[in-house]
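Fold and geometry: a report
Chain residues, written in single-letter form:
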Amino acid sequence: RRQHHAEMYRSGELAKDDDMYMGSVDDPEAPKNPIILNRVASWQRLVLVGGAVALDTLETPHGRADDALGGSATHFSLSARRFAPVRLVGVVGKDFPQAHVEMLKSQQVDLEGLEIAEGKTFRWHGRFKGDMSRAETVSVQLNVFGDFRPKVPRSYAGTPFVLLGNGAPETQRTVLDHLEKPKF
């Protein structure tokens, strides 16, 4: 199979940077056999997410939840971690429940980039009605997220894949500026 993949690579059917091809016959750090995306070694598919980690209040026809774990970086992390190791860059306030931190850690989300700042955590309050396909925003409190200046750990610099969740463009640019050469 290695020979077959090597021939496909040389012929141009598979490119070194092809989204579906994550190994290289010329890459000394690559696994011995070229591999397809769903079998990529974890060091090749690290994902960094920068964005909101929040405490949400949700109202639905079925009930209400206060201080539910929310935010774009949170939801992405918990979804993506099933497919790749995730590194989170975000900020929460001192009021952020330790139970949420422990849950994220238990799901193998790397929280080295999660800053705990003086002040309150970003909060969103939404109301869902009818078929619950749309939310009405009742209130938004940016709190520490409003002044967030990402502190991207040096160990994250080589992360190849990045998702920039909601946040100010200058905040997103700061995350990108701390990365060496993200592929996507």
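These numbers were taken from a predicted model, which means no experiment stands behind them.

Scoring rules and cut-offs
Residues numbered from 1 in each chain as written. Predicted model: local features only at pLDDT ≥ 70, side-chain atom pairs only at ≥ 80, totals over all residues. Heavy atoms only, no water. 1 Å grid on protein atoms, 1.4 Å probe; cavity = no way out; pocket = protein on both sides within 12 Å on 5 of 7 lines; lining within 4 Å. Points joined across faces, edges and corners; volume = space filled by probe spheres on them. Helix = DSSP H or I, 4+ residues; strand = E, 2+ residues; numbered from the N terminus. Nonpolar A, V, L, I, M, F, W, Y, C, P; charged D, E, K, R; others polar. Buried < 20%, exposed > 50% of the residue type's maximum accessible area, 1.4 Å probe, protein only.

**With respect to empty space enclosed by the protein**
- The tally for this structure, following the rule as stated, stands at one cavity of 30 Å³ or more.
- Of the volumes computed, that of the largest cavity is approximately 50 Å³.
- Lining the largest cavity are Gly 50, Gly 51, Val 89, Phe 148, Leu 164, Gly 165, Asn 166, Gly 167, Thr 171, Gln 172 and Val 175.
- By residue number, the principal contributor to the lining of the largest cavity is helix α4 (residues 169-177), which donates three residues.
- Here the lining of the largest cavity is composed, by residue class, of four nonpolar, seven polar and no charged.

**Examining unusual backbone geometry**
- One non-glycine residue, Asp 67, lies in the positive phi region at around 55°.
- Turning to its location among the elements, Asp 67 is positioned in strand β3 (residues 63-70).
- Judged by relative accessible area, Asp 67 falls into the partly exposed class, the value being 36%.
- With phi around 50°, Asn 143 is a residue other than glycine that occupies positive phi space.
- Along the chain, Asn 143 turns up in the loop between β7 (135-141) and β8 (161-164).
- You can call Asn 143 partly exposed: its relative accessible area is 30%.

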